[in-house]
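Residues per chain are reported as follows:
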Protein chains: 2
Amino acid sequence: MRRLSTTEADFEVSFSALLAGRGGQERSVVEPVRAILSDVQARGDAAVCDYTARFDRLTLTPEQLRIDADTIKSEAARVPTDLMDALKLAAERIEVFHDAQKPTDLDFTDSAGVRLGMRWTALDAVGLYVPGGKAAYPSSVLMNALPARVAGVKRLAMCVPTPDGVLNPLVLAAAHLCGVEEIYRVGGAQAVGALAYGTQTIAPVDRIVGPGNAFVAEAKRQVFGQVGIDSIAGPSEVVVVADGNNDPRLIAVDLLAQAEHDEQAQAILITTDSAFGERVGTAVATELETLPRAAIAARSWADHGAIIVVKDLDEAAELVNRLAPEHLEVLVERPRDFSALVRHAGAMFLGRHCPEAVGDYVGGPNHVLPTSRTARFASGLSVFDFIKRTTIIETDQAGLERIGPAGVALAQAEGLDAHALSLSLRLGQKS
Amino acid sequence: MRRLSTTEADFEVSFSALLAGRGGQERSVVEPVRAILSDVQARGDAAVCDYTARFDRLTLTPEQLRIDADTIKSEAARVPTDLMDALKLAAERIEVFHDAQKPTDLDFTDSAGVRLGMRWTALDAVGLYVPGGKAAYPSSVLMNALPARVAGVKRLAMCVPTPDGVLNPLVLAAAHLCGVEEIYRVGGAQAVGALAYGTQTIAPVDRIVGPGNAFVAEAKRQVFGQVGIDSIAGPSEVVVVADGNNDPRLIAVDLLAQAEHDEQAQAILITTDSAFGERVGTAVATELETLPRAAIAARSWADHGAIIVVKDLDEAAELVNRLAPEHLEVLVERPRDFSALVRHAGAMFLGRHCPEAVGDYVGGPNHVLPTSRTARFASGLSVFDFIKRTTIIETDQAGLERIGPAGVALAQAEGLDAHALSLSLRLGQKS
């Protein structure tokens, strides 16, 4: 963990080190992924079954790729009622928030008498990748599937690897809750290839979303263009802005909630109170003694954690904007005022009663957020990922007479004579 | 040019050939681009100057990379007044339409008493790539720069190659009109690298937009993640849906306006009137005899053009949705009714008086649109490319009591104990 203070001479050097990327693209998987994708494109189901046997130690016929409806139901039924209720509460809240996100169409006639419009339509088909093993989070299923459903996507196809054939009841229950019925027990680059190019069994989709390992991330990168993809997630981060009027243990736990995700995760405290910062540092050490995922969290905190002491909240806001964090907690007297100073953050959690974990599960907004400073230009997953725009221009002869001549001049200047002709032939016609 | 009819037995085979990709990723540039980007990242201005000398035959010092304000002004002044007026009309219309696109923020308190929000903010800095030589279109400068300006982006940095030092007055005039004052005479992968990583002279940006050759496209692909990028444009296409009640020459010219862009461009007529289709085919041949860019347009029409005869407009709409064209012209009796059947298209042009060229220059909506069937999942350039969302959750103790327990249950089920603890420690506290 680094201790920084804006009053120290070497602050800029230390702070810049925090901005440097963690992790990064795994170059070694580029060629293996290319080979798998070509093979899936060429051989379809046969290739998908071969790779599933090799990587997941699971021998399947093409007919067995899809998990049948009875299996989904019976696996989902194994989830305890209280947990099912928690999933339902989360799902309801996610639906309400994403429904409120839906944008409106444009349709207006402008001063030249030209009718202009913009219409939002849903994608036809979306592929949802869900990782297998320990990183299979039911909350991620909700966060990826529900915005697509709310957007009006008709077909949602899910791929989830089941190493050694072991199914994850929580993931299947979450999918079932979201109305996802087309689920394949396939993972890795072969799943991405199947969703992008289609096979005899798996129809192609228009966009693939969901987290995955280095193979999955690289496969998404390579099929981009053939289909749309979501952003490629890097390691997660939180910045906590807190004054001295907080319980150090709560802040410590909030920082560790980020650190426990991944050794490359980053948790940063920015505080106006130097002594409070020290108390949080001590509390982190204490909590690490009992935290089940202490090995991961301790590594993250040691390598990427930081406590930054600032003069005032204006200075804190400036650093937040440079960090452009995925998650920002604000535990100060007037959190709403502070939030107005923030230009770049994936998601903000305001007030002393609102830890980031609220947003991971039951807040309503999406927990798939821009990592590694990409909040400078990117946004969290939303309804906008599952809809697209068509612009519309409609004009009569009178409108064309008003705007057409300028179009002719520009087309001629650009040397595009058929463009110019398609306008000029229509000018001076009777309506 | 292919002639297709939905009543023929081999229709599906012929139609599928139209759907196949034209062009595609140029693999041979991957390694050269990687080398250029690494070099620019390592050596900054020195590398940029070296590549500019090598590729553009132009020797510059770092101080000369930027085009000074006086040069921009004096070059812009060389543009004739009528052309300048045409640019201004186009700019005004683009501004009005993109201003209407700006979305609204969300801020509401939900049934659990939790305040939820979503806030749109502009990117800080955007890089605009403008190709040199013949593909340097002033209209593209407007279409890329103005949405960024309307979105509220403060810094717009433009890169345009000037082979042999030759400046393009029209491009500089368009930039000047958009208020772009930071312009560098640099192109290719070295420009993309400079904008993404920054050099001693060129500060890094957050997103790079604008068209370019294979080197530029590959460079954008490689810097994606470090910065945002727009979609990587493929060859352009138009689908014209027309009944027999049209002048065949007008339809022929509309098709050729697409074909004259590029030998890989695609122009397709879908008509309910077989005899009319034949007349359009004849008219295309006639127009090609006098069209200045006939060599390009004829190649495009021969290799990728098509006339498809359909039974009725419902069938036409179905084919349009499978083609998901960048541009769609609708010249039928009730174009608005037809447009309601279209789910996938980048931009629609409705009515007999509204050729696609209107949208290239003076319509108002953007002319940077999703090509090569990506309208299935992608949209044209817009204000949305230059803003991003921050979600906001704020709750008091009472709200946390209502939603927190479900969060604890889910965090425990996912094995993330610090997440659970950050919630449970706050439950049961006094407010």
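About the criteria used
- Residues numbered from 1 in each chain as written.
- Chains lettered and ligands numbered in written order.
- Predicted model: local features only at pLDDT ≥ 70, side-chain atom pairs only at ≥ 80, totals over all residues.
- Heavy atoms only, no water.
- UniProt positions renumbered as here; feature names shortened; annotations may be inferred.
- Helix = DSSP H or I, 4+ residues; strand = E, 2+ residues; numbered from the N terminus.
- Buried < 20%, exposed > 50% of the residue type's maximum accessible area, 1.4 Å probe, protein only.
- Areas by Shrake-Rupley, 256 points an atom, 1.4 Å probe, with all protein chains shown as cover.
- Contact = heavy atoms within 4.5 Å.
- Domains from an automatic or database assignment.
- Polar contact = N/O pair within 3.5 Å; in protein donor to acceptor, adjacent residues only side chain to side chain.
- Disulfide = S-S within 2.5 Å.
- Least-squares fit on C-alpha atoms with pLDDT ≥ 70 in both.
- Core = buried A, V, L, I, M, F, W, Y, C linked by side-chain atoms within 4.5 Å.
- Pairing = 2+ DSSP bridges.
- Right-handed = clockwise from strand over helix to strand, strands pointing away.
- Axes fitted to C-alpha atoms, helices over the stretch in contact; angles between N-to-C directions.
- Left-handed = near helix turned anticlockwise from the far one by under 90°.
- Nonpolar A, V, L, I, M, F, W, Y, C, P; charged D, E, K, R; others polar.
- Salt bridge = Lys/Arg side-chain N within 4 Å of Asp/Glu carboxyl O.
- Phe/Tyr/Trp six-rings, centres within 6.5 Å; stacked < 30°, edge-to-face > 60°.
- Lys NZ or Arg CZ within 6 Å of the ring centre and 35° of its normal.

As annotated in an unreviewed UniProt entry, chain A carries the name Histidinol dehydrogenase and comes from Neokomagataea tanensis. Per UniProt, chain A carries the Catalytic activity (unreviewed entry) text "L-histidinol + 2 NAD(+) + H2O = L-histidine + 2 NADH + 3 H(+)". Entered under Sequence similarities (unreviewed entry) in the UniProt record, the comment concerning chain A runs "Belongs to the histidinol dehydrogenase family."

Let us now look at the overall build of chain A. Looking only at helices and strands, one finds 17 helices and 14 strands in chain A. Across its three principal directions, the C-alpha atoms of chain A cover 85 × 60 × 45 Å. Residue burial in chain A is summarised as follows: out of 431 residues, 61% are buried. Of the roughly 15,600 Å² of accessible surface on chain A, a fraction of 51% belongs to carbon and sulfur atoms.

With that out of the way, let us pick up the UniProt feature "binding site: Zn(2+)" (unreviewed entry) in chain A. Feature annotation in UniProt assigns "binding site: Zn(2+)" (unreviewed entry) to the following positions: Gln258, His261, Asp360 and His419 of chain A. In terms of the greatest pairwise C-alpha distance, the residues named above, spread along 162 residues, do not form a single cluster, extending to 55.5 Å across. Position of His261 of chain A among the secondary structure elements: in the loop between α10 (248-259) and β10 (266-271). A residue is classified by how much of its surface remains accessible, and His261 of chain A, at 25% relative accessible area, is partly exposed. Setting aside chain neighbours within four positions, we find His261 of chain A in contact with Arg293 and Ile296 of chain A together with Leu416 and His419 of chain B. Structurally, the position occupied by Asp360 of chain A is in helix α15 (residues 356-361). Setting aside residues up to four positions removed in sequence, Asp360 of chain A forms contacts with Ser139, Met143, His327 and His367 of chain A together with His419 of chain B.

To continue, consider the domain arrangement of chain A. How big an interface is tends to be stated in terms of the accessible area lost upon association of its parts. Domains assigned within chain A are domain 1 (27-229), domain 2 (234-377) and domain 3 (396-431). For domain 1 of chain A and domain 3 of chain A, the distance between their C-alpha centroids amounts to 46 Å.

It is worth spelling out the UniProt feature "active site" (unreviewed entry) in chain A at this point. Residue and element names in this part refer to chain A. Mapped onto the present numbering, the UniProt feature "active site" (unreviewed entry) falls at Glu326 and His327. Those residues in contact with Glu326, other than ones at most four positions away along the chain, are Ser236, Glu237, Gln258, Gly346, Ala347, His367, Leu369, Pro370 and Thr371. Side-chain polar atoms of Glu326 contact the side chain of Ser236, separated by 2.7 Å. Topologically, His327 is positioned in strand β12 (residues 327-331). Discounting chain neighbours no more than four positions away, the residues touching His327 are Ser236, Glu237, Val238, Val239, Gln258, Ala347, Phe349, Glu356, Asp360 and Leu369. Separated by 2.9 Å, the side chain of His327 and the backbone oxygen of Glu237 make a polar contact.

Following the criterion strictly, the structure yields zero disulfides over all chains and no others. Of all cysteine sulfurs in the structure, the one in Cys159 of chain B sits closest to Cys49 of chain B, which takes part in no disulfide; the separation is 12 Å.

Between the two copies of the chain lies a rotation about an axis combined with a shift along it. When chain B is brought onto chain A, the operation consists of a screw motion whose angular component is 180° and whose axial shift is 0.0 Å, with 0.0 Å RMSD remaining. In the structure described here, the two chain copies are related by an operation that fits a two-fold rotation axis. Residue Pro103 of chain B, judged by its C-alpha, is the member of chain B lying nearest the rotation axis, at 3.7 Å. Both copies contact each other with a shared surface, as 100% of the interface residues of chain B are interface residues in chain A too.

This part covers the nonpolar core. Most often, soluble globular proteins keep nonpolar side chains buried together rather than apart. Counting residues in hydrophobic clusters, the biggest one holds 146 residues, and the most contacted among them are Leu142, Met158 and Ile183 of chain A together with Leu142, Met158 and Ile183 of chain B. In this structure Leu142 of chain B touches Leu87, Ala90, Ala91, Ile94, Pro147, Ala174, Leu177 and Cys178 of chain B, once residues within four positions along its chain are discounted.

Of all 10 residues that make up helix α8 (residues 188-197) of chain A, nine are buried, and the element is covered over most of its length. Within the span of α8 of chain A, buried status applies to Gly188, Ala189, Gln190, Ala191, Val192, Gly193, Ala194, Leu195 and Ala196 of chain A.

Working note: regular strand, side chains alternate between the two faces of the sheet. Residue and element names in this part refer to chain B. Summarising burial for strand β9 (residues 237-242): six of the six residues are buried, a large majority. Along β9, one buried face is formed by Glu237, Val239 and Val241 and the opposite face, lined by Val238, Val240 and Ala242, is buried too. Bridge count between β9 and strand β10 (residues 266-271): six bridges; the pairing is parallel. Each residue of the ladder has a partner; that of Val240, found in β10, is Leu269. The parallel pair β9 and β10, bridged by helix α10 (residues 248-259), forms a crossover whose chirality is right-handed. Of the pairings in the sheet, the one linking β9 to strand β12 (residues 327-331) comprises five bridges and is parallel in character. Each residue of the ladder has a partner; that of Val239, found in β12, is Leu328.

Let us now look at the packing of helix α5 (residues 81-101) of chain A against helix α6 (residues 138-151) of chain A. All names here are of chain A. Where α5 meets α6, the closest approach of the two axes is 9 Å, and the angle between their N-to-C directions is 35°. Of the two elements, α5 crosses α6, and the hand of that crossing is right-handed. Between α5, through Leu87, Ala90, Ala91, Ile94, Glu95, His98 and Asp99, and α6, the contact on the second element is made entirely by Pro138, Leu142, Met143, Leu146, Pro147 and Val150. Of the residues assigned to the contact of α5 with α6, the class counts are 10 nonpolar, one polar and two charged.

Moving on, we come to the sheet that holds strand β5 (residues 155-159) of chain B. Sheet strands line up and pair through hydrogen bonds in the backbone, either parallel or antiparallel. Residue and element names in this part refer to chain B. Taken together, five strands build an open sheet; the order of strands is β6-β5-β4-β7-β8 and the sheet is parallel. Here the strands that pair on one side only, and so sit at the sheet edges, are β6 (182-184) and β8 (228-229). In this structure, β5 lies alongside β6, joined through three bridges in parallel fashion. Its bridge partner being in β6, Ala157 is matched across the sheet by Glu182.

All names here are of chain A. Scanning the model with the defined rule gives 48 salt bridges over all chains in all. Among the ionic pairs, Arg352 bridges to Asp243, the shortest N-O distance being 3.0 Å. One end of the pair, Arg352, is in the loop between β13 (347-350) and α15; the other, Asp243, is in the loop between β9 (237-242) and α10, with 109 residues separating them in the sequence. Take Asp243: its relative accessible area is 13%, and that puts it in the buried class. For Arg299, the salt bridge is made with Asp303, and the minimal N-O distance between the two is 3.0 Å. You can see Arg299 and its partner Asp303 sitting in helix α12 (residues 294-304), four residues apart, about one turn around the helix. Exposure remark for Asp303: the relative accessible area of 34% places this residue in the partly exposed category.

Counted under the stated rule, the structure contains 11 aromatic pairs over all chains. With centroids separated by 5.3 Å and ring planes inclined at 85°, the aromatic side chains of Phe384 of chain A and Trp120 of chain B adopt a geometry described as edge-to-face. Taken as a pair, Phe384 of chain A in the loop between α15 and β14 (387-394) and Trp120 of chain B in strand β3 (residues 115-122) lie in two separate chains rather than in one. For the pair shown, Phe384 of chain A and Trp120 of chain B are each scored as buried. One aromatic cluster in this structure is built from Trp120 and Phe384 of chain A together with Trp120 and Phe384 of chain B. When the ring centre of Phe55 of chain A is taken as reference, the NZ or CZ atom of Arg54 of chain A above it lies at 5.6 Å.

Below, the discussion takes up the environment of Val362 of chain A. With respect to the helices and strands, Val362 of chain A occurs in the loop between α15 and β14. Expressed as a C-alpha distance, the spacing of Val362 of chain A and Ala91 of chain A, which sit 271 residues apart in the sequence, is 7.9 Å. Excluding residues that lie within four positions of it along the chain, Val362 of chain A makes contacts with Leu89, Ala90 and Arg93 of chain A together with Ile403, Ala406 and Gly407 of chain B.

Turning next to the environment of Val383 of chain A. Residues and elements named next belong to chain A. Its place among the elements puts Val383 in the loop between α15 and β14. As for Val383 and Ala100, which are separated by 283 residues in sequence, their C-alpha atoms are 9.4 Å apart. Once you skip the residues sitting within four places of it in the chain, Val383 turns out to touch His98, Gln101, Lys102, Pro147, Val150 and Ala151.

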